[in-house]
Amino acid sequence: MTRLEITMVGAGYVGLSSTVALALAGHRVHLIERNIERLEALQSGQIPFLEPDLQSAFQDCQKNICIAANLTKALKTSSIIMLAVGTPPTPAQGADLSQIFAALEDVAPLLDQTPKLIVVKSTVPVGTNAEIRAFLNSRAPNALFAVASNPEFLRQGRALRDALFPDRIVLGTSEPWALKLLHQLYAPLQHASVPETLAQFRPTQPIPMLEVSPESAELAKYAANAFLAMKISFINEIANVCAATGADVSEIKAVLEQDKRIGGDFLRAGLGYGGSCFPKDTRALSQIALRGGYEFRLLRAVIEVNSEQRFRVLQQLERRLGGFRGKRIAVLGLTFKPNTDDLRESLGVDIALELQARGAIVTAHDPTPSKPEGIDFTSDLNACLTGVDAAILVTEWDEYRNANWKDLGRLMQRKLILDGRNALEPRDMLAAGFEYLGVGRKS
Ligand code: UGA
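What you see is a predicted model, and the numbers here were worked out from it, not measured in a lab.

Quick notes on the state of the cysteines
Reasoning step 1: Under the criterion given, the structure shown has zero disulfides.
Reasoning step 2: Here Cys61 is not disulfide-linked; the sulfur of Cys66 is the nearest cysteine sulfur, at 13 Å.
Reasoning step 3: For Cys61, a relative accessible area of 3% translates into the label buried.

What about the environment of Lys63?
Reasoning step 1: Take Lys63: it is sitting in the loop between α3 (54-60) and β3 (65-68).
Reasoning step 2: On the accessibility criterion, Lys63 (68% relative accessible area) is exposed.
Reasoning step 3: Taking the C-alpha atoms as reference points, Lys63 and Leu24, separated by 39 residues in sequence, lie 9.9 Å from one another.

Re the sheet that holds strand β13 (residues 416-419)
Reasoning step 1: Taken in spatial order, the six strands of this open sheet run β11-β10-β9-β12-β13-β14, and their pairing is parallel. Strand pairing shows two members of the sheet lacking a second neighbour, β11 (376-378) and β14 (435-437), which therefore form its edges. Neighbour-to-neighbour, the strand axes of this sheet turn through a mean angle of 20 degrees, independent of strand direction.
Reasoning step 2: As defined by bridge partners, strand β10 (residues 361-365) adjoins β11 across three bridges and the pair is classed as parallel. Residue pairing across strands places Ala364 opposite Phe377, the latter belonging to β11.
Reasoning step 3: Set on the sheet, helix α14 (residues 347-357) makes contact with β9 (328-332), β10, β11 and β12 (390-393); between it and β9 the angle comes to about 170 degrees.

Section: helix α10 (residues 214-245)
Reasoning step 1: Spanning 32 residues, α10 covers 47 Å between terminal C-alpha atoms, matching the ideal 46 Å at 1.5 Å per step.
Reasoning step 2: Phi turns positive one or two residues past the end of α10, at Gly246, with a value near 90 degrees.

Topic: the site of the ligand
Reasoning step 1: Around the ligand, the surrounding shell holds 20 residues, and the nearest of these are Phe153, Leu154, Lys221, Asn225 and Lys337.
Reasoning step 2: Measuring from an oxygen atom of the ligand, one finds a side-chain N or O atom of Lys337 at 2.7 Å.
Reasoning step 3: In the model, an oxygen atom of the ligand is placed 3.3 Å from a nitrogen or oxygen of the Arg421 side chain.
Reasoning step 4: Considered on its own, the ligand offers 720 Å² of accessible surface; in the complex 94% of this is hidden by protein.
Reasoning step 5: For the shell around the ligand, the secondary structure elements donating two or more residues are α10 and α12 (278-291).
Reasoning step 6: Here the element with the most residues in the shell around the ligand is α10; it accounts for three residues.
Reasoning step 7: Looking at the shell around the ligand residue by residue, the classes come out as nine nonpolar, four polar and seven charged.

Definitions and limits used
Residues numbered from 1 in each chain as written. Predicted model: local features only at pLDDT ≥ 70, side-chain atom pairs only at ≥ 80, totals over all residues. Heavy atoms only, no water. Disulfide = S-S within 2.5 Å. Buried < 20%, exposed > 50% of the residue type's maximum accessible area, 1.4 Å probe, protein only. Helix = DSSP H or I, 4+ residues; strand = E, 2+ residues; numbered from the N terminus. Pairing = 2+ DSSP bridges. Axes fitted to C-alpha atoms, helices over the stretch in contact; angles between N-to-C directions. Contact = heavy atoms within 4.5 Å. Expected span 1.5 Å × (residues − 1). Near = heavy atom within 4 Å. Polar contact = N/O pair within 3.5 Å; in protein donor to acceptor, adjacent residues only side chain to side chain. Areas by Shrake-Rupley, 256 points an atom, 1.4 Å probe, with all protein chains shown as cover. Nonpolar A, V, L, I, M, F, W, Y, C, P; charged D, E, K, R; others polar.

Nothing here speaks to function; it is all geometry.
Below, the structure written as structure tokens:
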């Protein structure tokens, strides 16, 4: 393999997981992080968020990673500069590119006659690659560089596994030398020395590398997230039809997933999707389409269904309790999904605040020490459930799936549970003496 030297700007989920994956594959990575707290954590060998396998793998490949606050030194020896900074939503629901351009302000004066490849991993609107090229051409008119769009598809909670063994790698550039370099960058992934827990996921076939235009690469990322969000809103609509007709969405899912054209992934009905990606990217794609003069009606429906789903699901509990006012309710799970400590666009937080606004007395629990403002929080599950009139399971942590509900039920004033993720077995819950409410499920 050709050992490359890379500068990775941004040590968030994408930047740090990609750094570790590329370092495990044998490359040398300069990881640049501006946030002092994050930088210091990384320099002392700690990853700054919860992500399975990443901590130990980060330690395993330390010799291939160099951490710094700015990229001046790193850029001298790197042939590739990867941008993995955040692109949070703007008030108008577009993507805020200020972190991308702040990084480019630092890169531009360092470009010269030695060719450099700038790789955009962050999720950015269509046309950003061209904007970056124009920006760098104006700032460094005589420099040799190319810009490639290389979106990332990793999921939080399994970020390192996805970064090491992605379903596909998208190479968005038309420059032949840039494509060659990207192939050299990614080819060694398949043979990376990985933690034992991940070895079983090593693909037997070569990872597909798709060479596309920068515009297609940029749009493909939004298209993938929009499609997955659509599957979730679709199954949530089916669950709502189940509730209205007496069918059971788990049985429907079992039938659908046998059809290879449909597949079973992302068909778990529940309270809807959250997190830092689907809500932001579906809204941004809607804006991108509108700006191009096209109204993406299907996507608008996906977004609407998702924002209403939580209220629809809560209604069943409200009816069963005869209103929320004065009722004591345990909210189980605050992170937007299990195996992360990320609270961005967290349904647990939204639901706890909504219940409080409707007069309920809420205590929240989460296996991570997440303490959102304005919500009574305990990390003791028993304490959270003691004396409550009902519990709502919002995030399907194993701690809830594998709990002894018979014992936990004894602590509750009323053994009533709303399983907002269809994570528990209704029969077991009934056997433990519970009134069980699921999403589109027979109880
Ligand atoms: C998502 C995509 O899955 C990644 O491919 C993508 O790279 C990433 O966004 C990104 O753009 O950076 P992530 O947000 O980490 O990844 O998590 P997911 O596993 O996709 O879950 C998102 C939300 O959908 C969660 O709230 C989850 O509970 C919900 N979900 C997921 C469902 O409600 N039902 C399902 O069947 C699956």
